[in-house]
Structures are given as C-alpha cells and as structure tokens.
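One-letter residues, chain by chain:
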Amino acid sequence: MITDYTRLINKKHPLPADYIPRDLVDIGLPFTCAPSDPRRLLEKKAAHKAMELITRAGQEGISLYCISGYRSYARQKELYRHDSYVAAPGMSEHQSGLALDLSCPAVNMELVEAFSDTPEGIWLARHAPLYGFILRYPANKESITEYPYEPWHIRYVSCQLSTYLAKTGMVLEEYYAISKKIAL
Ligand SMILES: [Zn+2]
C-alpha cells in the first residue's frame, strides 16, 4: 500500500506545490537552529521516531544533532532561486516533513560527506532502519536516485519498508520499480 510515509518523491515524482504534511510538530529534537525556526518541524510520526533514534544514540555516546527538517514549497523555491544545486521546488523530500538532515560536532555540524566516517555517521547508517528511516541517497546509487551521496539525509518510510530496504540494499526508486508501481 502506498501511504504518505512510503511515497516516492524525486525529480520525476515531485510533490504538488500545495502539499503540506498533516501533523507538523516540534517535539524538542536537538536542532541547532533557533527555537522558532520552521526547519525544526517534522511530521508527527517521523518526529517521534527520530527522537527514539537520537535518544538511543545519546545512550551509546553518539552525538547526533538535527540541522534541517521540514521545508515548505515556498522556502524551497527561494533556496533554488539562489542556488540551483539544491533540489527544485516540489522535488525535495523535506517538503514532506519526513526527511531530516543530521550532523555532529566532529564535522562542525556541517552537511558534508566526511560525516559518513565519523562514529555518528557510521552509527546512523546502521541504526536508522531500526527506527523506520533510510539513508535516502547512498553512495553508488547516484545514477538511480539522481542525487549525490548524502550520508546526513534520512527519510522516514515506516519500519516495515526501512527494514525491507536495508535487507535488500535497494533504494526507494528500485523498490517502486520492482513493485511495478513506476518505470524508472
Ligand atoms: Zn536533506
């Protein structure tokens, strides 16, 4: 069943301009941005699962911080106007409220590939699927996702699907292609 949680969002399957997730919440995740910043918002279920993930990380001495969650269509449009490297409006998963960028002090809270070599990046790649998240843009799948490797970007897809994708090594595009739900 295709739900909003498992929805494929990419350059070929953008979200409509008026798509706004139902329950956007700020539950006090450890964001680096200011308290009123809209980037702190996430879809309710995704927010609670992210809290579980980050709490478990903390218990294991892993310091994950949230950099960016929800991004509205209008905000994405603004970013795209200034930097065409970022996803075009409608094509960013952040508009779904299900995507979250994480970083850690070892890489100065930056969204850089070096994050993947930190204890935080390694821990995140291993544990995210246990909480319903996937690393959405893995290395060596760039030609399929049409995104460069982003070890910091996780996407909530439900535990059922994240477990399946982790076991098979598939990205969301491949899952949809074999399910005959789309043509790649
Ligand atoms: Zn991201």
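Structural data are supplied above this passage.
## Let's talk about the overall build of the protein chain
1) Next: Helices and strands together make up the secondary structure of the protein chain, namely six helices and six strands.
2) Next: Secondary structure of the protein chain in N-to-C order comes out as β-β-α-β-α-β-α-β-α-β-α-α.
3) Next: A globule of 184 residues ought to have a C-alpha radius of gyration of about 16 Å, and the protein chain, at 15 Å, matches this closely.
4) Next: For the protein chain, the spread of C-alpha atoms along the principal axes amounts to about 40 × 35 × 30 Å.

## Details of the environment of cysteine 104
1) Next: In this structure, cysteine 104 sits in the loop between β4 (99–103) and α3 (119–127).
2) Next: Between the C-alpha atom of cysteine 104 and that of threonine 6, which follows or precedes it by 98 residues, the distance is 27 Å.
3) Next: Ignoring any residue separated from it by four or fewer positions in sequence, one finds cysteine 104 in contact with Ser63, Met109, Phe115, Thr118 and Glu120.

## Thoughts on the nonpolar core
1) Next: If you look at the biggest cluster of nonpolar residues, it comprises 27 residues, and the most contacted ones within it are Leu64, Leu100, Leu124, Phe133 and Ile154.
2) Next: For this core, the element with the highest residue contribution is helix α1 (residues 44–59), accounting for six residues.
3) Next: Excluding anything up to four places from it in sequence, isoleucine 154 contacts Leu53, Leu98, Ala99, Leu100, Leu102, Leu124, Ala128, Phe133, Ile134 and Leu135.
4) Next: The next biggest cluster of nonpolar side chains, apart from the first, holds nine residues, and it includes Val157, Leu161, Met170 and Tyr176.

## Some points on the coordination of the zinc ion
Six octahedral donors around a metal ideally sit at 90 or 180 degrees from one another, while four tetrahedral donors ideally sit at 109.5 degrees.
1) Next: Looking at the zinc ion, one finds its protein donor set to be His94 (NE2), Asp101 (OD) and His153 (ND1), positioned 2.0 to 2.1 Å from the metal centre.
2) Next: For histidine 94, a relative accessible area of 4% corresponds to the buried category.
3) Next: Given the relative accessible area of 2%, histidine 153 is considered buried.

## Describing the pairing of strand β6 (residues 150–156)
1) Next: The element β6 is extensively covered by neighbouring structure, given that seven of its seven residues are classed as buried.
2) Next: Note that β4 and β6 share three bridges and pair antiparallel. Directly across from leucine 100, in β6, lies its bridge partner isoleucine 154.
3) Next: In this structure, strand β5 (residues 133–137) lies alongside β6, joined through four bridges in antiparallel fashion. Within the sheet, the bridge partner assigned to tyrosine 137 lies in β6 and is glutamate 150.

## Description of α3
1) Next: Looking only at α3, the buried set comprises Glu120, Gly121, Trp123, Leu124 and His127. Around the axis of α3, the buried residues are gathered within 165° of arc, so they sit on the same side. Opposite the buried face of α3, by more than 90 degrees, sit the exposed residues Pro119 and Arg126.
2) Next: Those residues of α3 that are buried are in contact with α1, β4, β5 and β6.

## Digging into the side chain of lysine 49
1) Next: Residue placement: lysine 49 occurs in helix α1.
2) Next: Using a relative accessible area of 14% as the deciding quantity, one classes lysine 49 as buried.
3) Next: The contact partners of lysine 49, leaving out residues within four places of it in the chain, are Tyr131, Phe133, Tyr156 and Cys159.

## Some thoughts on the sheet that holds strand β3 (residues 65–68)
Sheet strands line up and pair through hydrogen bonds in the backbone, either parallel or antiparallel.
1) Next: Pairing is antiparallel in the open sheet, where four strands are placed in the order β3-β4-β6-β5. Each edge of the sheet is formed by a strand with only one pairing partner; in this case those strands are β3 and β5. Neighbour to neighbour, the strand axes of the sheet diverge by 45° on average, direction disregarded.

What counts, and at which threshold
Residues numbered from 1 in each chain as written. Predicted model: local features only at pLDDT ≥ 70, side-chain atom pairs only at ≥ 80, totals over all residues. Heavy atoms only, no water. Helix = DSSP H or I, 4+ residues; strand = E, 2+ residues; numbered from the N terminus. Rg over C-alpha atoms; globule rule 2.2 N^0.38 Å. Contact = heavy atoms within 4.5 Å. Core = buried A, V, L, I, M, F, W, Y, C linked by side-chain atoms within 4.5 Å. Buried < 20%, exposed > 50% of the residue type's maximum accessible area, 1.4 Å probe, protein only. Donors = N, O, S within 2.8 Å, 3.2 Å for Na, K, Ca; no water. Pairing = 2+ DSSP bridges. Arc of directions from axis to C-beta. Axes fitted to C-alpha atoms, helices over the stretch in contact; angles between N-to-C directions.

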